[in-house]
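Single-letter residue listing:
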Amino acid sequence: MVSANKEMVVYCFDTLVAHYNSDDAPPPAFDEGQHPLFVTWKKVVNGGEPRLRGCIGSLEARGLINGFKDYALNSALRDRRFPPIQAKELPTLECTVSILTDYENANDYLDWEVGTHGIIIEFTDPDYNTRRSATYLPEVAAHEGWTKLEAIDSLIRKAGYNGVITESLRKRLQLTKYQSTLFTMHYSEYVAYVKQARGEAPSILGAKLRN
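Residues numbered from 1 in each chain as written. Predicted model: local features only at pLDDT ≥ 70, side-chain atom pairs only at ≥ 80, totals over all residues. Heavy atoms only, no water.

Caption draft 1: Representation of the overall build of the chain within the structure. The number of helices and strands found in the chain is six helices and eight strands. Listing every helix and strand of the chain by position from the N terminus yields α-β-β-α-β-β-β-α-α-α-β-α-β-β. Counting over 211 residues, the chain shows a buried share of 45%. In the chain, once contacts between residues fewer than 6 apart in sequence are set aside, the share between residues at least 24 apart is 71%. In the form shown here, the chain has an accessible surface area of approximately 10900 Å², with 47% of it arising from carbon and sulfur atoms. (Helix = DSSP H or I, 4+ residues; strand = E, 2+ residues; numbered from the N terminus. Buried < 20%, exposed > 50% of the residue type's maximum accessible area, 1.4 Å probe, protein only. Contact = heavy atoms within 4.5 Å. Areas by Shrake-Rupley, 256 points an atom, 1.4 Å probe, with all protein chains shown as cover.)

Caption draft 2: Representation of helix α1 (residues 6–20) within the structure. Here α1 spans 22 Å end to end across 15 residues, near enough to the 21 Å set by a 1.5 Å rise per residue. When α1 is considered as a whole, its buried residues turn out to be Met8, Val9, Val10, Tyr11, Cys12, Phe13, Asp14, Thr15, Leu16, Val17, Ala18 and Tyr20. The opening residue of α1, the one whose side-chain oxygen lies 3.1 Å from the backbone nitrogen of Glu7, is Asn5. Of the residues trailing α1, Ser22 is marked for its positive phi of about 50 degrees. (Expected span 1.5 Å × (residues − 1). Polar contact = N/O pair within 3.5 Å; in protein donor to acceptor, adjacent residues only side chain to side chain.)

Caption draft 3: Fine view of the packing of aromatic side chains. Tallied over the full model, the rule gives nine aromatic pairs. Judged by centre distance (5.9 Å) and plane angle (65 degrees), the ring pair of Phe13 and Tyr187 falls under edge-to-face. With Phe13 in helix α1 and Tyr187 in helix α6 (residues 187–198), this residue pair connects regions lying 174 residues apart in the sequence. For the pair Phe13 and Tyr187, a shared accessibility class is recorded, and that class is buried. Look at Phe13 and Tyr190: their rings are 4.8 Å apart centre to centre, the planes differ by 20 degrees, and that puts the pair in the stacked class. A residue pair is termed long-range when its members are at least 10 positions apart, and Phe13 in helix α1 and Tyr190 in helix α6 qualify at 177 residues. The pair Phe13 / Tyr190 is uniform in exposure class, with both members buried. Among the aromatic side chains, those forming a connected cluster through ring pairs are Phe13, Trp41, Tyr187 and Tyr190. (Phe/Tyr/Trp six-rings, centres within 6.5 Å; stacked < 30°, edge-to-face > 60°.)

Below you can see the structure in the form of structure tokens.
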């Protein structure tokens, strides 16, 4: 099984830096494969708690190289919850790559463990008769300090449902649980890696970025 690793995060940073330079990223230093994956960007300011700046991925298997390239940019620039990440924010960024594994159909909406499983819910919106779905990665509920019930209700809202959340609605959820491997790296660690591996620090449009 392929696990998330440092080289995947480096490729995501390389891809974003190359975008700002209107250039091509160096070739990745990991092997191709087919897996569901996510890229998450967070911003760390003055040593505080990292704040989400973008998170997009695929619950279906994607080629790792094109997948990380696409989602590094989509999560940084096209997550509709946030304004696009600007080049000047790079020194504050932290990147996490996730590879999703072990998909299982849950018996009910409580058949999963906080801190172990990510969850996907699917349901029919009773007000509009439309299908809705959403996911939280395995680390989200634990990071937020949520119970299973709080996580489920938050995910129902994330899916776009604005009505009253009833026990009847919860019981009608189709829930898929999964696990993941992940790797996180701060921009300063990325710079150190690039200096060691390539002999010079990354730069944007000829200007060295301070980390």
